[in-house]
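Descriptive structure summary
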Amino acid sequence: DELAELDARVSVCRACDRLVEWREEVAVGKRKAFADQPYWGRPIAGWGAAEPRVLIAGLAPAAHGGNRTGRVFTGDRSGDWLFASLYRVGLANKPTSEHAGDGLRLLGARMIAAVRCAPPANAPTPAERDTCAPWFRAELELVLPTTRAIVCLGKFGFDVLLNALPAVGVAVPKPRPKFGHALEYRLTSPYGELTVLGCFHPSQQNTFTGKLTEPMLDAVLARAKSLGGV
Ligand code: SF4
């Protein structure tokens, strides 16, 4: 199908010199704790329901997280937080992720990264963000017909989404919506109502400091689930 075709094309992308070098260097060097595991070391495809009601937009795979497991938002602390919450609100069938064959499934939801290759210090450059944007846009277009709510984990994903929306037929209000936790914007897609929700990223920076708590994350995901009618 079209999503599988897109995944196949993304998986061989080498458009960003710095990120290609980093993702592959990390995959060869590995971290001691994962020395016995093969690393994916390539771009990360979107993952989850093919016809999602809820779309979750993150930043980029972590060097030893998604870049190791090959599955977006798994294998690191942010992913642990996120999947535990998705399970609590009923958008995932299990609270934890072990490996690609663990039977974990998203229920009515799909995850997608704004930048598909692991960046050094989790920080893509603006040029890398823009180089990867067509992949994000292409996937957004394919899943838009069923999507009713989009949760942006962090301002980076929020900005990439707002930049992509006009190209898929969704007008962005002026003044441009601002990112904030639990802020939501009701937009109109060619297929019906579409709500964009902001959510602090479940990075350790936010979860260790209490800027993002479990109830705060659960509340946004539960709201998206309800908007999506999952
Ligand atoms: Fe290609 Fe995106 Fe990876 Fe850059 S970040 S190499 S555009 S998949």
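Note: the structure precedes this text.
Described in the following lines is the structure provided in the data block. (Residues numbered from 1 in each chain as written. Predicted model: local features only at pLDDT ≥ 70, side-chain atom pairs only at ≥ 80, totals over all residues. Heavy atoms only, no water.)

**Some remarks on the site of the ligand**
Here is the rule we go by: Any residue with a non-hydrogen atom lying within 4 Å of a molecule or strand is treated as near it. Site definitions follow a grid-based scheme: protein atoms alone, a 1 Å grid, a 1.4 Å probe that fits but cannot get out for cavities, and for pockets an open set with protein on both sides within 12 Å along at least five of seven lines, plus lining residues having an atom within 4 Å of a point. Criterion for pocket placement: a molecule counts as inside a cavity or pocket if more than half of its atoms are within 2 Å of its grid points. The numbering of helices and of strands both runs from the N terminus, where a helix is a DSSP run of H or I of at least 4 residues and a strand a run of E of at least 2. Residue polarity is assigned by list, with Asp, Glu, Lys and Arg as charged and Ala, Val, Leu, Ile, Met, Phe, Trp, Tyr, Cys and Pro as nonpolar; anything else, Gly included, falls into the polar class.
Residues in close proximity to the ligand include Cys13, Ala15, Cys16, Leu19, Pro43, Val115, Arg116, Cys117, Thr131, Cys132 and Trp135, which together make up its full environment. Assessed atom by atom at 2 Å from the grid points, the ligand resides in the largest cavity. Looking at the shell around the ligand, the element that brings in the most residues is helix 5 (residues 126-143), giving three residues. Here the shell around the ligand is built from residues that sort into nine nonpolar, one polar and one charged.

**Observations regarding the nonpolar core**
Note the cut-off: Among buried residues, those of type Ala, Val, Leu, Ile, Met, Phe, Trp, Tyr and Cys that are joined through side-chain atoms within 4.5 Å constitute a nonpolar core. The classification of residues rests on relative accessible area computed with a 1.4 Å probe and restricted to protein chains. Under 20% of the type maximum is buried, over 50% is exposed, and intermediate values are partly exposed. Every residue pair with non-hydrogen atoms within 4.5 Å of one another is taken to be in contact.
Formed by 28 residues in total, the largest nonpolar core has its most connected members in Ile56, Phe83, Leu86, Leu106, Met111, Val151 and Leu221. Taken together, the elements giving at least two residues each to this core come down to strand 2 (54-58), helix 4 (77-89), strand 3 (109-113), strand 4 (149-153), strand 6 (192-199) and helix 8 (214-228). For Ile56, the contacting residues outside a window of four places in its chain are Leu86, Arg110, Met111, Ile112, Val151, Leu153 and Leu221. If you look at the next biggest cluster of nonpolar residues, it comprises 22 residues, including Val160, Val170, Leu187 and Val196.

**Notes on the sheet that holds strand 4**
We apply this condition: Two strands qualify as a pair provided that DSSP identifies no fewer than 2 bridges between them. Axes here refer to lines fitted to C-alpha atoms; in helices the fit is confined to the stretch in contact. Angles between the N-to-C directions go from 0 to 180 degrees.
Ordered in space as 1-3-2-4-6-5, the six strands form an open sheet in which the pairing is mixed. Strand pairing shows two members of the sheet lacking a second neighbour, strand 1 (47-48) and strand 5 (184-189), which therefore form its edges. The pairing of strand 1 with strand 3 spans two bridges and is antiparallel. In the sheet register, Gly48 faces strand 3, and the bridge partner there is Arg110. Along the sheet face, helix 6 (residues 155-164) touches strand 2, strand 4, strand 5 and strand 6 and points at about 135 degrees away from the line of strand 4. This element, helix 8, spans strand 2, strand 4, strand 5 and strand 6 of the sheet and lies at about 175 degrees to strand 6.

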